[in-house]
Amino acid sequence: MPPHAVWLFEDETIVRLFPVLRRAWSLRGEQAVVPITGKNAKRVLFGTLNPRTGHRIVFRASTMRQAPFQTFLRLLRHSYPGREIWLLLDEAPCHIAPKSQALAETLNIVLVWLPKQCSELNAMDHLWRELKAHISANFQFPSIEEHADIAETWLLSLSNRDALRKAGVLAKTFWLHSFLQ
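Residues numbered from 1 in each chain as written. Predicted model: local features only at pLDDT ≥ 70, side-chain atom pairs only at ≥ 80, totals over all residues. Heavy atoms only, no water.

Engineer: Before we go on, may I ask you to explain the side chain of N122 in this structure?
Structural biologist: When you line up the elements, N122 lands in the loop between β5 (109–113) and α4 (123–136). One polar contact links the side chain of N122 to the main-chain amide nitrogen of M124, over a distance of 3.0 Å. Those residues in contact with N122, other than ones at most four positions away along the chain, are F9, E10, D11, L88, L89 and L114. (Helix = DSSP H or I, 4+ residues; strand = E, 2+ residues; numbered from the N terminus. Polar contact = N/O pair within 3.5 Å; in protein donor to acceptor, adjacent residues only side chain to side chain. Contact = heavy atoms within 4.5 Å.)

Engineer: When you look at the packing of helix α1 (residues 66–79) against helix α3 (residues 98–106) in this model, what are you seeing that I'm missing?
Structural biologist: Relative placement of two packed helices is described by the angle separating their axes and the distance separating the axes. Running from N to C, α1 and α3 cross one another at 10 degrees; their axes reach a closest spacing of 10 Å. Taken as axis vectors, α1 and α3 run roughly parallel relative to one another. Judged by residue contacts, Q66, F69, Q70, L73 and R74 of α1 engage K99, S100, L103 and A104 from α3. Looking at the contact of α1 with α3, its residues break down into four nonpolar, three polar and two charged. (Axes fitted to C-alpha atoms, helices over the stretch in contact; angles between N-to-C directions. Parallel < 35°, antiparallel > 145°, perpendicular 65-115°, else oblique. Nonpolar A, V, L, I, M, F, W, Y, C, P; charged D, E, K, R; others polar.)

Engineer: Any chance you could explain the environment of R43 here in plain terms?
Structural biologist: Tracing the backbone through its elements, the reader meets R43 in strand β2 (residues 42–49). Among the polar contacts made by the side chain of R43, one reaches the side chain of E145 at a distance of 2.6 Å.

Engineer: In this structure, what is going on with the nonpolar core? I would like to understand it.
Structural biologist: Soluble, globular proteins show a tendency: their nonpolar side chains are buried together. If you look at the biggest cluster of nonpolar residues, it comprises 29 residues, and the most contacted ones within it are F9, L49, L127, L131 and L155. At the level of elements, β1 (6–16), β2, α4, α5 (144–157) and α6 (160–166) are the ones that each hand at least two residues to this core. Of the residues forming this core, the biggest block, six residues, is contributed by α4. Beyond its immediate sequence surroundings of up to four residues, L131 is in contact with V15, S136, A151, W154 and L155. Counting 21 residues, the second-largest nonpolar core is a separate cluster that includes V6, F72, L89 and L107. (Core = buried A, V, L, I, M, F, W, Y, C linked by side-chain atoms within 4.5 Å. Buried < 20%, exposed > 50% of the residue type's maximum accessible area, 1.4 Å probe, protein only.)

Okay, here's the thing in structure tokens:
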């Protein structure tokens, strides 16, 4: 990778109006109550993490199809003008679509495929896991837009150092540790 290039972990997550149910506290002998409406709207959050700086970019869409992913690629290009971008990502259908790959090449974004079934290698995936544990679990928001707003705010309000720590990038065992030196 060229020294002036920026490299980013990319991943997406779905936030749903229906809450993720996780362990919760309740009085002994009583079942925990999680009020829900029965509706299950969703929003997709596309996100990147720069493992050198902790900078994050988030884009909200209603689907995880190639058109929103291509819009996200354009946002990345706009965010890092004049620099080659190396994007580490999985082989989701929106990523491997021929039009997405062609656009990435046009935008000077190199797509670097992570091994299948290895989400633990994607630092952005670790941030999504933290987000779901702290924001989405056991609580239904009044609307899907409010849920997505709070999720985006939580992710972007982390300090760069906290984001890198929560993503596992600061660990000595981080699989790309030598690239960060």
